Amino acid sequence: MDKEAIMTRIGQHLDYVKSLGYNPIYIALYGSQNYELDVEESDIDTKAIVLPSLEEIVLNKKPISAEIVLPNDEHCDIKDIRLMFGNYKKQNINFLETLFTDFYIIDDAAADEMKELRALNERIAHYNQKAAVKTMVGMAEQKYHAMERDYPSKVEILEKYGYDPKQVHHIVRLREFLERYINGESFKNCLISKHKAYLLRIKKGEFSLLDARQIAQTERTKIKTISDVFLEKEIDIDNEVGEKMNDIMVRLFKKKLNII
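This one's a predicted model, so the numbers in the text were calculated from it and none came from an experiment. (Residues numbered from 1 in each chain as written. Predicted model: local features only at pLDDT ≥ 70, side-chain atom pairs only at ≥ 80, totals over all residues. Heavy atoms only, no water.)

Caption draft 1: Looking closely at the overall build of the protein. When helices and strands are tallied, the protein shows 14 helices and five strands. For the protein, the spread of C-alpha atoms along the three principal axes comes to 60 × 50 × 35 Å. Classification of the 260 residues of the protein by burial places 47% in the buried group. Pairs at least 24 residues apart make up 73% of the contacts formed inside the protein by residues separated by at least 6 positions. Carbon and sulfur atoms make up 49% of the accessible area of the protein, which amounts to about 13500 Å² in all. Side chains of the protein give 39 positive and 44 negative charges; the mean places of these two sets differ by 3 Å. (Helix = DSSP H or I, 4+ residues; strand = E, 2+ residues; numbered from the N terminus. Buried < 20%, exposed > 50% of the residue type's maximum accessible area, 1.4 Å probe, protein only. Contact = heavy atoms within 4.5 Å. Areas by Shrake-Rupley, 256 points an atom, 1.4 Å probe, with all protein chains shown as cover. Lys, Arg positive; Asp, Glu negative; His and termini not counted. Charge placed at Lys NZ, Arg CZ, Asp CG, Glu CD.)

See below:
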């Protein structure tokens, strides 16, 4: 899918969530297009940031976290800014990628702050490197345990392949990402695999169940080995960029509430 088509679909996501009463200050693509691993049937999925109202803050209402399914079955994950920034600090790479994608829309009222946030993307993605590594390890484990699990939505895929090829390709992608991240490559570079053709073969189900099991187990072992070594190191949290994120969030709140 070309860039113009992707942006059109993101605009459709924005229009749809606005029709439901949400007013995102930022909406961005996440998923296979960011890794250049999309195929013809790949969906466009987004994450959106919303600011709570004064009432929601004063009454201490639960921050918004909603997975919206569009009429075409694509998804928009809507998050209160406090939750979204929390996920950035937890170093969840599925959230961090929204700060790197070329496909996003910023509300004019939040333009300065969100552009500033995006300019900090590499520092934010290295805010707590140990947390980032633990998150990647956890994600790979989830994919490993899901590859043969008979979820209702995966019945046809399991009948066809005996496993879910997407889960296996994610395990391999995460191992490569983890290894390159640990070795000091930028987060932006890590998003794009050096072995895209191989990953697409896995994703398309070109390997037998036995081969897929071997691939997944081999990658799982590598992930444990390299992460265990890294997690023994002493690595500081970048509290300065954490404070910058807090400052951006406070400024956005003040702007919304008309506080000088």
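Caption draft 2: The packing of aromatic side chains, seen in detail. Applying the stated criterion across every chain yields a total of six aromatic pairs. Judged by centre distance (5.9 Å) and plane angle (40°), the rings of Y26 and Y104 are tilted. Here Y26 is found in strand 1 (residues 26-30), whereas its partner Y104 is found in strand 5 (residues 104-106), with 78 residues between them in sequence. Residue Y26 is classed as buried on the basis of its relative accessible area of 1%. Pairing F100 with F187 gives two aromatic rings, centres 4.7 Å apart and planes at 25°, and the pair type is stacked. (Phe/Tyr/Trp six-rings, centres within 6.5 Å; stacked < 30°, edge-to-face > 60°.)

Caption draft 3: Geometry of the side chain of R180. Tracing the sequence through the fold places R180 in helix 10 (residues 165-182). In this structure, R180 is in contact with E185, N189, C190, I192, S193 and K194, ignoring residues within four places of it in sequence.

Caption draft 4: Examining the sheet that holds strand 2 (residues 45-50) more closely. Strand order in the open sheet formed by five strands is 3-4-2-1-5, with mixed pairing between adjacent strands. What marks the edges here is a single partner per strand, and that holds for strand 3 (65-69) and strand 5. Between one strand axis and the next, the sheet turns by 20° as a mean value, whatever way the strands run. Here five bridges tie strand 2 to strand 4 (residues 75-80), and the two strands are oriented parallel to one another. Bridge pairing in strand 4 links V50 to D80. Of the strands in this sheet, strand 1, strand 2, strand 3, strand 4 and strand 5 touch helix 1 (residues 3-19), which is tilted by about 50° from strand 5. Helix 6 (residues 111-119) contacts strand 1, strand 2 and strand 5 of the sheet and is inclined by roughly 140° relative to strand 5. (Pairing = 2+ DSSP bridges. Axes fitted to C-alpha atoms, helices over the stretch in contact; angles between N-to-C directions.)

Caption draft 5: Examining the environment of R173 more closely. Note on placement: R173 falls in helix 10. Judged by its relative accessible area of 5%, R173 falls in the buried class. Taking the C-alpha atoms as reference, R173 lies 7.0 Å from S193; in sequence the two are 20 residues apart. If we skip the residues at most four places from it in the chain, R173 touches Y35, L37 and L199.

Caption draft 6: Structural detail: the packing of helix 8 (residues 129-146) against helix 13 (residues 209-231). Where helix 8 contacts helix 13, the axes come no closer than 11 Å and their chain directions differ by 160°. Classed by the angle they form, the pair helix 8 and helix 13 counts as roughly antiparallel. Judged by the twist between their axes, the crossing of helix 8 over helix 13 is left-handed. Side by side, helix 8 and helix 13 meet where Q129, K130, V133, K134, V137, A140, E141, Y144 and H145 of the first sit next to A216, Q217, R220, I223, S227, F230 and L231 of the second. Class assignment for the residues of the contact of helix 8 with helix 13 results in eight nonpolar, four polar and four charged. (Parallel < 35°, antiparallel > 145°, perpendicular 65-115°, else oblique. Left-handed = near helix turned anticlockwise from the far one by under 90°. Nonpolar A, V, L, I, M, F, W, Y, C, P; charged D, E, K, R; others polar.)

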